[in-house]
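The residues making up each chain are set out below.
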Amino acid sequence: MEESPTSEDKRLDFIADCVLRTLKLKPDRWEKCLSDEDNRQVLQDFLDTAEQRTLVVSMTAAGLLEPTTSFTASPKNQAVYFMKRDKAALIPKSIKESLVYGDLSSAPLDQFSALVGEVVAPLLSNKKNHIKWPQVVSQDIRHHIHSLKTSVLVVSGQVQGKTLLPLPAGSEKVEQRALEADKSGGTVDKGIIHSLESTVIEWSHQISTVLKKDSSEAVMEGKNPTPHTELLLWKNRYADLECIHSQLNSCKVKKMEVLLEAVESSYYPAFINMQRDILAALEEAKDICIYLTPLQCLLEELETMDFPDVKGQIQAFMHTVCLVWVNSRHYNTPGRLVVLLQETCNLLIQQ
């Protein structure tokens with residue numbers, strides 16, 4: 001039987017060695033990958049075609065190796081990437097020098113967050129590394145590093161469905177400055193106060209976005225959500241508000257509050273109002289979640305039964321909706337009930 005051309009290709013051996021060592025797999029997995037004609041073609045195109053400069057080899061849910069030509073599809077498992085330094089075909093003798101390669105985490109954002117927090121930020125923020133730098137450059141670097149850490153934290157929270165509030169630059173000095181403010185009658189480093197007030201502004205924008213979210217948005221946008229969308233929105237909203245409330249009641253944030261009050265900052269009232277708004281929204285979400293939860297079982301029954309049998313369940317469903325109207329302190333408004341009934345109609349139409 002004639003061997004495949006790829007079986008003697010030293011370039012392919014290099015790719016295989018990197019993949020198997022990184023993913024800690026046995027050679028039979030690679031052989032199974034090569035047995036697929038489409039996979040073989042993707043690999044050969046990467047080796048021979050100058051225009052094809054990217055190769056990503058990842059594990060499928062079935063445990064098989066799958067080569068692709070881009071990073072667009074985020075792998076659910078660990079993957080290995082290869083990128084050509086130049087737009088050219090690969091040569092066996094210089095393949096190692098012609099490639100940039102490494103492993104790709106299944107959670108790249110977490111990996112990047114760890115890299116920024118544990119490597120980049122400590123390295124560039126360390127004043128010992130700034131000895132020969134002008135003061136302006138040093139301050140600018142520290143400012144950009146803090147901005148990067150803040151952005152990574154916020155995006156990580158959004159991916160998790162949470163609102164994470166980044167602490168201000170120099171937050172570790174807030175406690176000491178609060179003590180100094182008590183002793184000196186309110187005189188504190190203006191840089192620290194400016195940082196705290198800037199953080200209050202950033203937090204107010206984040207929190208305002210959360211509080212403005214409404215279950216009617218999907219309906220107003222012309223979509224056809226079902227009651228499950230309503231229940232999920234309030235469940236997620238309650239969890240997010242709990243997360244925000246917990247952060248605002250943390251020890252460090254409480255010390256920020258003390259310091260803003262001590263210096264009579266004009267942003268102190270806004271900070272207090274922000275806390276009150278979150279507490280009120282949290283109580284509202286908790287109340288609504290409690291009274292909407294009984295609808296979950298009824299909705300699941302409606303979805304699983306045949307449509308002719310749905311008629312018998314409508315009465316029980318509407319009776320539960322009426323109980324929500326009578327007992328809930330926050331969901332008993334015409335606007336919210338109308339949205340719920342519209343979503344119920346969408347479910348019946350889908351059925």
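Each value, and the rule that gives it
- Residues numbered from 1 in each chain as written.
- Predicted model: local features only at pLDDT ≥ 70, side-chain atom pairs only at ≥ 80, totals over all residues.
- Heavy atoms only, no water.
- Helix = DSSP H or I, 4+ residues; strand = E, 2+ residues; numbered from the N terminus.
- Buried < 20%, exposed > 50% of the residue type's maximum accessible area, 1.4 Å probe, protein only.
- Expected span 1.5 Å × (residues − 1).
- Contact = heavy atoms within 4.5 Å.
- Polar contact = N/O pair within 3.5 Å; in protein donor to acceptor, adjacent residues only side chain to side chain.
- Pairing = 2+ DSSP bridges.
- UniProt positions renumbered as here; feature names shortened; annotations may be inferred.
- Axes fitted to C-alpha atoms, helices over the stretch in contact; angles between N-to-C directions.
- Left-handed = near helix turned anticlockwise from the far one by under 90°.
- Nonpolar A, V, L, I, M, F, W, Y, C, P; charged D, E, K, R; others polar.
- Salt bridge = Lys/Arg side-chain N within 4 Å of Asp/Glu carboxyl O.
- pLDDT = per-residue confidence, 0-100.
- Core = buried A, V, L, I, M, F, W, Y, C linked by side-chain atoms within 4.5 Å.
- Arc of directions from axis to C-beta.

With respect to unusual backbone geometry
Despite not being glycine, Lys-24 has its phi angle at roughly 55°, a positive value. The residue Lys-24 is located in the loop between helix H1 (10-23) and helix H2 (27-34) in this model. According to the relative accessible area criterion, Lys-24 is exposed, its value standing at 76%. The residue Glu-264 is not glycine, and still its phi comes out positive at about 55°.

A short note on helix H3 (residues 37-48)
Helix length check: H3, at 12 residues, gives a terminal C-alpha distance of 16 Å against a target of 16 Å (1.5 Å per residue), a fit within 8%. If you follow the buried residues of H3, they end up packed against H1, H2, strand E1 (54-59), strand E2 (65-68), strand E3 (79-84) and strand E4 (99-104). Looking at where H3 begins, the residue whose side-chain oxygen comes 2.9 Å from the main-chain nitrogen of Asp-38 is Asp-36.

Some details on the environment of His-146
In this fold, His-146 is placed in helix H6 (residues 135-160). By relative accessible area, His-146 is classed as partly exposed at 27%. When the C-alpha positions of His-146 and Pro-166 are compared, they lie 9.6 Å apart, and in sequence the two are 20 residues distant. When neighbours within four sequence positions are excluded, His-146 is seen to be in contact with Leu-167, Pro-168 and Ala-169.

Topic: the side chain of Asn-39
Looking at where Asn-39 falls in the secondary structure, it is placed in helix H3. Note on Asn-39: relative accessible area 13%, which makes it buried. Those residues in contact with Asn-39 that lie beyond four places of it in its chain are Cys-33, Leu-65 and Pro-67.

Observations regarding the pairing of E2
Where a strand is regular, its side chains alternate between the two sheet faces. Judged by which residues are buried, E2 turns out to be one-sided: Leu-65 and Pro-67 face inward and are buried, whereas Glu-66 and Thr-68, on the alternate face, are not. As judged from the four bridges shared by E1 and E2, these two strands associate in the antiparallel manner. If you follow Val-56 over to E2, its bridge partner there is Thr-68. Count of turn residues in the E1/E2 antiparallel hairpin: five residues, of which Gly-63 carries a positive phi of about 85°.

Some details on the UniProt feature "domain: Dynein heavy chain tail" (unreviewed entry) in the protein
Here the UniProt-annotated "domain: Dynein heavy chain tail" (unreviewed entry) positions come out as residues 193-351. End C-alpha atoms of residues 193-351 are separated by 58 Å, and the span's content is 83% helix alongside 0% strand.

Concerning the packing of helix H8 (residues 190-212) against helix H11 (residues 251-262)
Running from N to C, H8 and H11 point in directions that differ by 115°, and their axes come no closer than 11 Å. The chirality of how H8 crosses H11 is left-handed. Every residue of H11 that contacts H8 at Ile-192, Ile-193, Leu-196, Glu-197, Thr-199, Val-200 and Trp-203 is listed here: Val-253, Met-256, Leu-259 and Leu-260. For the contact of H8 with H11, the per-class residue count stands at nine nonpolar, one polar and one charged.

Some words on the pattern of salt bridges
Summed over the entire model, instances satisfying the criterion amount to six salt bridges. Taking the shortest distance from any N to any O, the salt bridge between Arg-11 and Asp-9 comes out at 2.9 Å. Across the pair, exposure class does not vary: Arg-11 and Asp-9 are buried alike. A single salt-bridge network, built from bridges that share partners, covers Asp-9, Arg-11 and Asp-48.

With respect to the confidence of the model for the protein
Atomic detail in the predicted coordinates should be set aside for any region of low pLDDT. With 91% of its residues at a pLDDT of at least 70, the protein reaches an overall mean of 86. Put simply, helix H7 (residues 174-184) is where the protein has its lowest mean pLDDT, 59, and helix H12 (residues 268-292) is where it has its highest, 95. Across residues 1-7, where pLDDT falls below 50, the model places five contacts with residues more than four positions away in sequence or in other chains.

Re the nonpolar core
In terms of nonpolar packing, the biggest core is built from 40 residues, with Trp-203, Leu-248, Leu-292 and Tyr-331 touching the most fellow members. Listed by contribution, the elements that provide at least two residues to this core are H8, helix H10 (227-248), H11, H12, helix H13 (294-304), helix H14 (307-327) and helix H15 (334-350). Those residues in contact with Tyr-331 that lie beyond four places of it in its chain are Glu-230, Trp-234, Asp-287, Ile-288, Leu-292, Val-324, Arg-336, Leu-337 and Leu-340. Residues Leu-23, Leu-43, Met-59 and Leu-65 belong to the second largest nonpolar core, which totals 24 residues.

Section: H13
Taken together, the buried positions of H13 are occupied by Leu-295, Leu-298, Leu-299 and Leu-302. The arc that holds every buried residue of H13, seen down its axis, measures 100°, which confines them to one face. For H13, exposure combined with an orientation more than 90 degrees from the buried face picks out Cys-297 and Thr-304. Buried positions along H13 lie against H10, H12, H14 and H15.

Notes on the sheet that holds E2
Spatially, the four strands line up as an open sheet ordered E2-E1-E3-E4, and their pairing is antiparallel. What marks the edges here is a single partner per strand, and that holds for E2 and E4. Averaged over all pairs of adjacent strands, the angle between strand axes in this sheet comes to 15°, irrespective of strand direction. Of the pairings in the sheet, the one linking E3 to E4 comprises six bridges and is antiparallel in character. If you follow Phe-82 over to E4, its bridge partner there is Tyr-101.

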